[in-house]
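Structure assessment
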Amino acid sequence: MIEDILKKFKSNLTDKNIDLSSIYFEITDIDKTFNLDSCVQINSSIEDERFLKFKISTENLLLIVEGKKHPEDLLFNEKVKISGDISILTP
């Protein structure tokens, strides 16, 4: 299920010229981390020099992907935590 959600999210970013291989989602309710480029779970720690990680629950990720919530709304409520290099999102 998470893989499908991330694939849908990834498809919205394909023409944005962003390096998706350095973006990760740590899903808090299942305690797993996924790489956005491959949309699969990683079993090791993030060792990239530059990375961006979103710590979020499955429910909140789905709300963002479906467009029901804006990410900023969840940031203010502390339901999403971001760590790493935010400049990865700028082409």
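Residues numbered from 1 in each chain as written. Predicted model: local features only at pLDDT ≥ 70, side-chain atom pairs only at ≥ 80, totals over all residues. Heavy atoms only, no water.

For the rest of this paragraph, the subject is the packing of aromatic side chains. Tallied over the full model, the rule gives two aromatic pairs. Considering the side-chain rings of Phe9 and Phe25, the 5.7 Å spacing of their centres and the 85° angle between planes classify their relative orientation as edge-to-face. In this pair, Phe9 sits in helix H1 (residues 2–11) while Phe25 sits in strand E1 (residues 23–27), placing the two residues 16 residues apart along the sequence. Classification of Phe25 as buried rests on a relative accessible area of 4%. Aromatic side chains Phe25 and Phe54 sit 5.1 Å apart centroid to centroid with 20° between the ring planes, which places their arrangement in the stacked category. Residue Phe25 is located in strand E1, and its partner Phe54 is located in strand E4 (residues 52–56); the two are separated by 29 residues in the primary sequence. Like Phe54, Phe25 is buried. (Phe/Tyr/Trp six-rings, centres within 6.5 Å; stacked < 30°, edge-to-face > 60°. Helix = DSSP H or I, 4+ residues; strand = E, 2+ residues; numbered from the N terminus. Buried < 20%, exposed > 50% of the residue type's maximum accessible area, 1.4 Å probe, protein only.)

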